[in-house]
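Report on the structure
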Amino acid sequence: MLNKYEVLNKMNRDRLVAVVRGSDAEDAVNISEACIRGGIRSIEVAFTTPNCLEAIRKLSERQQDALIGAGTVLDAETARLSILYGAAFVVSPNFSKEISAVCNLYSVPYLPGCLTVTEMVEALKSGVDVVKVFPGSTVGTGFIKNIKGPLPNIQLMPTGGVNLQNVTDWLDQGCFAVGIGSVLTKGAENGNYTRVEKNAEQFAHKVTAFVQ
């Protein structure tokens, strides 16, 4: 199992986190593996997916070169279960001191969703290393620079509103990484996982060219 900072370094190197919401565990696994084939190697499986833990377990066993995390985690018990099932990182739409405590106990990165400076400061004080800016579509890319003014040490990962047209704009503002959701499954209805793979490839190629 990778330690906390190995996970964060790998996530920062690749800059892309796929947020996967499947119709069931099998669908989530198939979407995730299509993203991995396309070059996105950090996968956040949302707990809105039925049998989410089973998807995390399968992916953690089958995709050991990728980072498999749990998303939409709303309480400490769910965070602990996620970690026991193999989650390398935990993401939530809000900040929770209880989730942060569990993740710190197991040395697993916790990325809470925050949208105000007060929330972000409380998250940092609890030991959070990376804050998820959520929803990113509400604030826009300029928000990152504005936050890094008073909080220059903060690491931010916007999620929501990141697309192929603006992904490098977000990264250019100094983002640690970006979370990409439904845009990855656009055109992939009825199990068209090849489309997911191609969507992922487009993001991976664009970001790789940017960071180089």
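Residues numbered from 1 in each chain as written. Predicted model: local features only at pLDDT ≥ 70, side-chain atom pairs only at ≥ 80, totals over all residues. Heavy atoms only, no water.

Section: the overall build of the chain
Counting secondary structure elements, the chain contains ten helices and eight strands. In terms of overall size, the chain behaves like a compact globule, its C-alpha atoms giving a radius of gyration of 16 Å where 212 residues would be expected to give roughly 17 Å. Principal axes of the C-alpha set define a box for the chain whose edges measure 45 × 35 × 25 Å. For the chain, the proportion of contacts with a sequence separation of at least 24, taken over those separated by at least 6, is 56%. Carbon and sulfur atoms form 47% of the exposed surface of the chain, whose accessible area is close to 9400 Å². Of the side-chain charges in the chain, 20 are positive and 21 negative, and the distance between the mean point of each set is 4 Å. (Helix = DSSP H or I, 4+ residues; strand = E, 2+ residues; numbered from the N terminus. Rg over C-alpha atoms; globule rule 2.2 N^0.38 Å. Contact = heavy atoms within 4.5 Å. Areas by Shrake-Rupley, 256 points an atom, 1.4 Å probe, with all protein chains shown as cover. Lys, Arg positive; Asp, Glu negative; His and termini not counted. Charge placed at Lys NZ, Arg CZ, Asp CG, Glu CD.)

Looking at helix α1 (residues 4-14)
Among all positions in α1, only K4, V7, L8, K10 and M11 are buried. The arc enclosing the buried residues of α1, seen along the axis, measures out at 165°, which places them on a common side. With respect to the buried face of α1, the exposed residues turned more than 90 degrees away are N9 and R13. The secondary structure elements touched by the buried residues of α1 are β1 (16-20), β2 (42-46), β3 (67-71), α5 (97-105) and β5 (110-114). For α1, the capping residue at the N-terminal end is N3, with a side-chain oxygen 3.0 Å from the backbone nitrogen of Y5. Backbone geometry just after α1 places R15 at a positive phi near 70°. (Buried < 20%, exposed > 50% of the residue type's maximum accessible area, 1.4 Å probe, protein only. Arc of directions from axis to C-beta. Polar contact = N/O pair within 3.5 Å; in protein donor to acceptor, adjacent residues only side chain to side chain.)

Here's the deal with the environment of E33
Tracing the backbone through its elements, the reader meets E33 in helix α2 (residues 25-37). Sequence separation between E33 and L2 is 31 residues, and the spatial gap between their C-alpha atoms is 20 Å.

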